[in-house]
Amino acid sequence: MLRKTLVAAAALAGGCSCNHDYDYTFPDPAAPEDPSLTAPTSFGSWLSFDTSPEGDRLTMSYYDRDRGALGWAVGVPAGDEVVWAHEKVDGYPDDAGLDVRDVGQYSSQRTAPDGTVWVASYDATNGGLRVSHRIGPHTWAEPETDDGGSGAPGVGQWASLALDAQGLPVVAHADAARGAIRITRFDGAQWSSVQAYASKAVDDVDDLGNPITRPAGVAQIDLVIQGDELLLAFHDTASTSLHLVRGQGDTFTDEVIDDSGDVGAWPSLWTDGDTVRIAYHDAGRQNLMFAEQQGAGDWSLTRIDDGELRGADTELFERDGEPAILYFDGWDNDQWLAVRSGDAWTTSQVGGAEGAVGFFNEAVQAGGRWWAGSYDHTHDALFLRPL
């Protein structure tokens, strides 16, 4: 279960229920309240996008690779650019009284309707999930931590955070040591965790026919909440298959969507309550895949891009009533976009001439435009472009 640090439950609940002044909570980066806070020298890795409550500004959490810390920023669109104001969230070694630790990988963030920002990330130093929330400009409550009940390493990897109908955080994350998925949620007063899925080791043979055992494991989890139901798409690394788990409370059902080889990596999930869509990577064939279910009907599977090393780091969203997918071209280190119109898919390059981009792809609509972001590995920075 979650272990409290320095913040009382009452303070946490207060952080979730106040009516924030959005202009105060999300200052204009052109006139930041703390002008001394400059952009980190490294940001864009383990990227997560959302918007401010009024929808005009972008928000972003990321892993500061230089300092092994978790950062957050709010951005104001200015033409084809975005002006960012950055804040330190967790793990910065120059913060007084803070233990030096490596946190911020697998960052996932959402902004509640009242303006409270919630960010989940992984504590690589000690193992465990860390959940931070913002209570004012440059002010973040002491992070909550989850040690998995036994201090097991790997708890908190592949974190995916969503907000329930009350605007409270729910986090799906891997318990890597046990090959399981945990659901950790805050009900306004306390935290609780349940296990939603457990992988099983698989006996197989290698390319030479020698017997091997693939250990139980899960990776690349994506959580969506629809009404009272939780939906989780993820890659079972033992069976090398794509799964979808649905459930409420502590009751979950598992469905295998695709087990046609080494498939299911980097799933991105979307639903409107009737249609369910998943973009994912066929790692064996190195292709971009798309799965769709209408109502209670059968799943349809479509191979969208069968080019060289295409389809990792998928980001599925809906634009103009049609599915669209950002994904990685691993052959040329580019970011690509696939868009469906009717029954046909078209693909086009978004970026890559500037450097190696397309890692940790994210898409968000803010200020009336869609923005595509990713990590620029060449320049150790954020790559951002309007679509």
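Use the structure listed above.
The structure contained in this document is the topic of the report that follows. It should be emphasised that the depicted structure is a prediction, and the values quoted were computed from it without experimental measurement.

**Comments concerning the overall build of the protein chain**
For step 1, the next point in the chain: When helices and strands are tallied, the protein chain shows two helices and 31 strands.
For step 2, the next point in the chain: Here the protein chain, with 387 residues, has 57% of them falling under the buried criterion.
For step 3, the next point in the chain: The contacts of the protein chain with a sequence gap of at least 6 include a subset with a gap of at least 24, amounting to 46%.
For step 4, the next point in the chain: When the accessible area of the protein chain is evaluated, it comes to approximately 15,600 Å², of which 46% is carbon and sulfur surface.

**Some remarks on the sheet that holds strand S24 (residues 299-305)**
For step 1, the next point in the chain: The antiparallel open sheet is built from four strands, whose spatial order is S21-S22-S23-S24. Both edges of this open sheet fall to strand S21 (263-271) and S24, since each of them pairs with a single strand only. Shown here is a sheet whose adjacent strand axes are inclined to one another by a mean of 25°, direction ignored.
For step 2, the next point in the chain: Here six bridges tie strand S23 (residues 287-294) to S24, and the two strands are oriented antiparallel to one another.

**Quick word on the packing of aromatic side chains**
For step 1, the next point in the chain: Scanning all chains against the criterion turns up 16 aromatic pairs.
For step 2, the next point in the chain: Ring centres 5.4 Å apart and planes at 50° place the aromatic pair phenylalanine 43 and tyrosine 62 in the tilted group. Taken together, the residues span a long stretch of sequence, with phenylalanine 43 in the loop between helix H2 (22-25) and strand S2 (45-51) and tyrosine 62 in strand S3 (residues 58-64) at a distance of 19 residues.
For step 3, the next point in the chain: Between phenylalanine 186 and tryptophan 191, the ring centres sit 5.0 Å apart and the planes meet at 35°, which makes this aromatic pair tilted.

**What to know about the sheet that holds strand S12 (residues 169-175)**
For step 1, the next point in the chain: Strand order in the open sheet formed by four strands is S11-S12-S13-S14, and the pairing between neighbours is antiparallel. The open sheet has two free edges, formed respectively by strand S11 (155-163) and strand S14 (191-198), since each of these has just one partner strand. Taking the axes of each pair of neighbouring strands and ignoring which way they run, one obtains an average angle of 25° across the sheet.

**Structural notes on the pattern of salt bridges**
For step 1, the next point in the chain: Applying the stated criterion across every chain yields a total of 16 salt bridges.
For step 2, the next point in the chain: Among the ionic pairs, arginine 369 bridges to aspartate 80, the shortest N-O distance being 3.0 Å. Taken as a pair, arginine 369 in strand S30 (residues 369-376) and aspartate 80 in the loop between strand S4 (69-78) and strand S5 (81-90) lie far apart in primary sequence, 289 residues in all.
For step 3, the next point in the chain: Of the residues examined, aspartate 80 reaches a relative accessible area of 48% and is grouped as partly exposed.
For step 4, the next point in the chain: The shortest N-O distance in the salt bridge between arginine 310 and aspartate 329 comes to 3.4 Å. Of the two residues, arginine 310 is situated in strand S25 (residues 310-319) and aspartate 329 in strand S26 (residues 322-329); the sequence distance between them amounts to 19 residues.
For step 5, the next point in the chain: Residue classification places aspartate 329 among the buried residues on the basis of a relative accessible area of 0%.
For step 6, the next point in the chain: Salt bridges linked by common partners bring Arg277, Glu292, Glu318, Glu322 and Arg340 together as one network.

**What to know about unusual backbone geometry**
For step 1, the next point in the chain: One non-glycine residue, tryptophan 266, lies in the positive phi region at around 50°.
For step 2, the next point in the chain: Assignment of secondary structure puts tryptophan 266 in strand S21.
For step 3, the next point in the chain: In this structure tryptophan 266 comes out as partly exposed when scored by relative accessible area, which is 24%.
For step 4, the next point in the chain: Its identity is not glycine, yet phenylalanine 360 carries a phi of approximately 55°, on the positive side.

**Some remarks on the pairing of S21**
For step 1, the next point in the chain: Of all the nine residues making up S21, eight are buried; the element is thus mostly covered by neighbouring parts of the structure.
For step 2, the next point in the chain: With six bridges joining them, S21 and strand S22 (residues 275-282) adopt antiparallel strand pairing. In the strand pairing of S22, serine 268 is matched with alanine 279.
For step 3, the next point in the chain: Following S21, the chain reverses through three residues before pairing antiparallel with S22; glycine 273 in that reversal takes a positive phi of roughly 100°.

**Quick word on the environment of serine 348**
For step 1, the next point in the chain: Counting through the fold element by element, serine 348 comes out in strand S28 (residues 344-351).
For step 2, the next point in the chain: Expressed as a C-alpha distance, the spacing of serine 348 and leucine 337, which sit eleven residues apart in the sequence, is 5.4 Å.
For step 3, the next point in the chain: Non-local contacts of serine 348, meaning those with residues more than four positions away in its chain, are made with Trp336 and Leu337.

**Remarks on the nonpolar core**
The tendency in soluble globular proteins is for nonpolar side chains to be buried side by side.
For step 1, the next point in the chain: Core analysis: the largest hydrophobic core is formed by 45 residues, its most contacted members being Met60, Trp84 and Leu232.
For step 2, the next point in the chain: For this core, the element with the most residues is strand S17 (residues 218-226), which contributes five residues.
For step 3, the next point in the chain: Sequence-distant contacts of leucine 232, that is, excluding residues within four places in its chain, are made with Ala172, Ile181, Ile183, Ile221, Asp222, Leu223, His243, Leu244, Val245 and Leu269.

**What about the environment of tyrosine 327?**
For step 1, the next point in the chain: Topologically, tyrosine 327 is positioned in strand S26.
For step 2, the next point in the chain: For tyrosine 327, a relative accessible area of 0% gives the class buried.
For step 3, the next point in the chain: As for tyrosine 327 and asparagine 361, which are separated by 34 residues in sequence, their C-alpha atoms are 6.7 Å apart.
For step 4, the next point in the chain: There is a polar contact of 2.6 Å between the side chain of tyrosine 327 and the side chain of aspartate 305.

**A short note on the environment of leucine 301**
For step 1, the next point in the chain: Checked against the element boundaries, leucine 301 lands in strand S24.
For step 2, the next point in the chain: We classify leucine 301 as partly exposed; its relative accessible area is 39%.
For step 3, the next point in the chain: Distance in space between the C-alpha atoms of leucine 301 and alanine 291 is 4.5 Å, their sequence separation being ten residues.
For step 4, the next point in the chain: Once residues lying within four places of it in the same chain are set aside, the contact partners of leucine 301 are Ile257, Asp258, Tyr280, Met289, Phe290 and Ala291.

**Remarks on the pairing of S3**
For step 1, the next point in the chain: With respect to burial, S3 is a largely interior element, seven of its seven residues being buried.
For step 2, the next point in the chain: Burial along S3 is two-sided: the face carrying Leu58, Met60, Tyr62 and Asp64 and the face carrying Thr59, Ser61 and Tyr63 are both buried.
For step 3, the next point in the chain: Across five bridges, S2 lies against S3 in antiparallel orientation. Within S3, the residue paired with aspartate 50 across the bridge is threonine 59.
For step 4, the next point in the chain: In this structure, the hairpin formed by S2 and S3 is closed by a connection of six residues, where glycine 55 is found at a positive phi of approximately 85°.
For step 5, the next point in the chain: Of the pairings in the sheet, the one linking S3 to S4 comprises seven bridges and is antiparallel in character. If you follow leucine 58 over to S4, its bridge partner there is glycine 75.
For step 6, the next point in the chain: Here S3 folds back onto S4, and the loop between the two strands holds four residues, one of which, glycine 68, carries a positive phi near 60°.

Thresholds applied
Residues numbered from 1 in each chain as written. Predicted model: local features only at pLDDT ≥ 70, side-chain atom pairs only at ≥ 80, totals over all residues. Heavy atoms only, no water. Helix = DSSP H or I, 4+ residues; strand = E, 2+ residues; numbered from the N terminus. Buried < 20%, exposed > 50% of the residue type's maximum accessible area, 1.4 Å probe, protein only. Contact = heavy atoms within 4.5 Å. Areas by Shrake-Rupley, 256 points an atom, 1.4 Å probe, with all protein chains shown as cover. Pairing = 2+ DSSP bridges. Axes fitted to C-alpha atoms, helices over the stretch in contact; angles between N-to-C directions. Phe/Tyr/Trp six-rings, centres within 6.5 Å; stacked < 30°, edge-to-face > 60°. Salt bridge = Lys/Arg side-chain N within 4 Å of Asp/Glu carboxyl O. Core = buried A, V, L, I, M, F, W, Y, C linked by side-chain atoms within 4.5 Å. Polar contact = N/O pair within 3.5 Å; in protein donor to acceptor, adjacent residues only side chain to side chain.

These figures capture arrangement, not role.
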